[in-house]
Amino acid sequence: MRTYYDIQLGDRTITRRELAGEDLVKVGRNHIARTLLELGAAAVDPLSPANPLIFSAGPFAGSSFSNANRTSVGCKSPLTGGVKEANGGGTFGYGMGQLKIAGFTLHGASPDWVVLHFKKDGTLDFDDARPYLGKGNFEANRMLLAKYGKKVATALCGPVGEYQGLIAGIAFTDKDLRPSRLAARGGVGAVLGSKKVKAIVLDLDKIPPFADPKKTNASIKDYSKMLLADGIVTNFYQPLGTMGMADVQNQMGGLPVRNFSAGQLADVKAGETFKMGGQFIAPLNTGRGGEQTHACMPGCVIQCSNVYVDASGKEIVSPVEYETLGLLGSNCGLTDPDDLAGLNEIANDMGVDTIETGATLGVLMEAGLGQFGDAKFMAACLREMMQGTPQGKIWAQGTARVGEHYKVRRVPVIKKQAISAYDPRVVEATGISMMATAQGADHTAGNLPRLKTREMDLNALLEQSLVAQVNCAATDSLGLCIFGRSVTEPNTEWLANALNGALGTSLTKEFFPALGRETLKLEHEFNRRAGFTEKDDELPAFFYNEPLAPTNHVARFHGQDVHGMYERLPA
């Protein structure tokens, strides 16, 4: 049994309802899409008080079940105009579980800036947020910890979110209390800012009760053992982290380089050194005394995060992730990971999506405002956005709007959201997922980054993408991290039994794909009601008419090819 809160920010009234059983299974993306449809959010102005902002945690949240403490945040996206679920790691979902909170919806807007404080006794305080306004995330979080103590988890609206910049995410604290794990995409931080909620503080308590504690504890141990026996976890995620994908994409020619004008930053086969991937960074970082194997959330044994340090061993940022290396790094022409790490730390302090921010900076360089590879120019742009100067506020509206403002031809977006670090001319199945998903250009909706696709026809690629999208939607609807998919997807019967032990349900393995299919249909229906058509699934024209070096591939598929793919799903 867990509690769901509906919070009316305008008059500070709170309605509570108790959830149990399968209501605690259909959470995350599924719950968000279903709730937004029920509330009629497809028709609202995304930055108006009428847009609900939903926080949801999974059925194992609050425990040490590995990678099961993700926090989903959802609303109508002010960036895309469609449905949005953004999720992040850290301790916020863990804190929700410990307080036996299934989730909460923020309705309306507060008349004054506020900090929401969920307390151990089940009460909720509305505290004055004025002391924290205008502060970067790191300073604001230090002040919050000084007031509320260190046995808390926090979620922060950064300074860009305060003025409703659409690149803003919501920053969660990691297990070391850094506010550096973001539910980043789609402008969810701008929606939090529109509601005048500067921060949310959760008191940490204790592991929540489960229907059968013995079975649940056994499941927690079994899952960790399965993950630690999995080659992808032990040979890729633990030693390299997500940054290892940069090496893969650089080799494949699918890495975003200088505003998606090339697919490879360094020709390793010709003897060039590629410094923006895990193969170079991992030994560099550990040699300096940094952590290359680091957990962002309690209990996670995958430990794909890292703590990146400078040459003197001083921490610069935690973490450096692949998407940041790709969009804020190679896409902007950077070749030195130290430059990237410093910019990453500024972005974390701002509380912004490094994918959207990096793509935006790439478009500014394309427009001639700066040179590719100029880290000082990039830092100056970030500071303007953080300070909210008139120019900075324009840039903080994201890639599509900045491209339109400066009349740039090459603007890498789908549904007005920046494309992730997989060029769709080469990484075709992921490209199809980004085109088709209602979430905007989001690789996590169905990523197949290593799939060799050039000899596959459209039908085969659609099938591959659809399976990945179903599995990712189910994973995101359980509060699980997608980096555990190599274990969870082949063991859905085991997962059903683990949930049955925790919740007292009687699920079978068929629940998993059914959950994913239902989620995709709900999201697609939301976007249909919001006015999306097949034209919104189209790639920008340059992907079709500009061959990408070194493969010289162009995109093969159009919006009309992918728009009807959800009709393939069983009823």
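The rules behind each value
- Residues numbered from 1 in each chain as written.
- Predicted model: local features only at pLDDT ≥ 70, side-chain atom pairs only at ≥ 80, totals over all residues.
- Heavy atoms only, no water.
- Helix = DSSP H or I, 4+ residues; strand = E, 2+ residues; numbered from the N terminus.
- Expected span 1.5 Å × (residues − 1).
- Buried < 20%, exposed > 50% of the residue type's maximum accessible area, 1.4 Å probe, protein only.
- Arc of directions from axis to C-beta.
- Contact = heavy atoms within 4.5 Å.
- Pairing = 2+ DSSP bridges.
- Axes fitted to C-alpha atoms, helices over the stretch in contact; angles between N-to-C directions.
- 1 Å grid on protein atoms, 1.4 Å probe; cavity = no way out; pocket = protein on both sides within 12 Å on 5 of 7 lines; lining within 4 Å.
- Points joined across faces, edges and corners; volume = space filled by probe spheres on them.
- Nonpolar A, V, L, I, M, F, W, Y, C, P; charged D, E, K, R; others polar.
- Parallel < 35°, antiparallel > 145°, perpendicular 65-115°, else oblique.
- Left-handed = near helix turned anticlockwise from the far one by under 90°.

Engineer: Talk me through helix α20 (residues 511–529); I want residue IDs and the actual numbers.
Structural biologist: Compared with the 27 Å implied by 1.5 Å per residue over 19 residues, the 27 Å span of α20 between its first and last C-alpha is a close match. Of all the residues in α20, the buried ones are F511, F512, L515, G516, T519, L520, L522, E523, F526 and N527. End-on, the buried residues of α20 take up no more than an arc of 165°, which puts them together on one face. Packing partners of the buried residues in α20 comprise α1 (28–38), β4 (71–76), β5 (83–88), α17 (458–476) and α19 (492–503). In the stretch just after α20, G531 is the one whose phi turns positive, near 100°.

Engineer: An account of the sheet that holds strand β10 (residues 170–172) is requested, with residue identities and associated values reported.
Structural biologist: Taken in spatial order, the 6 strands of this open sheet run β8-β7-β12-β9-β10-β11, and their pairing is mixed. Of all strands in the sheet, those with a lone pairing partner are β8 (124–128) and β11 (181–183), marking the two edges. Ignoring strand direction, the axes of neighbouring strands in this sheet form an average angle of 20°. The pairing of β10 with β11 spans 3 bridges and is antiparallel. Across the sheet, F172 pairs through a bridge with R181, a residue of β11. Sitting on the sheet, helix α3 (residues 137–148) touches β7 (114–118), β8, β9 (152–157), β10 and β12 (197–203), and the angle it makes with β9 is about 145°.

Engineer: Describe the layout of surface pockets, with residues and values.
Structural biologist: By rolling a water-sized probe across the atoms, one finds the places where empty space is left. Put simply, the second largest pocket is a space of about 270 Å³. What lines the second largest pocket is a set of 16 residues, and nearest its centre among them are R17, L19, H31, R34 and T35. Secondary structure elements with two or more residues in the lining of the second largest pocket: β1 (2–8), β2 (13–19), α1 and β6 (101–107). Taken together, the residues of the lining of the second largest pocket break down into 5 nonpolar, 4 polar and 7 charged.

Engineer: Any details on the packing of helix α6 (residues 213–228) against α19? Residues and values, ideally.
Structural biologist: A pair of packed helices can be characterised by two numbers: the angle between their axes and the separation between those axes. Running from amino to carboxyl end, α6 crosses α19 at an angle of 150°, the nearest separation of the two axes being 8 Å. Considering their axes alone, α6 and α19 lie roughly antiparallel with respect to each other. Read as a crossing pair, α6 and α19 show a hand that is left-handed. Residues K215, T216, S219, D222, Y223 and M226 of α6 form the contact with α19, whose participating residues are W494, A498, G501 and A502. Across the contact of α6 with α19, the residue classes break down as 5 nonpolar, 3 polar and 2 charged.

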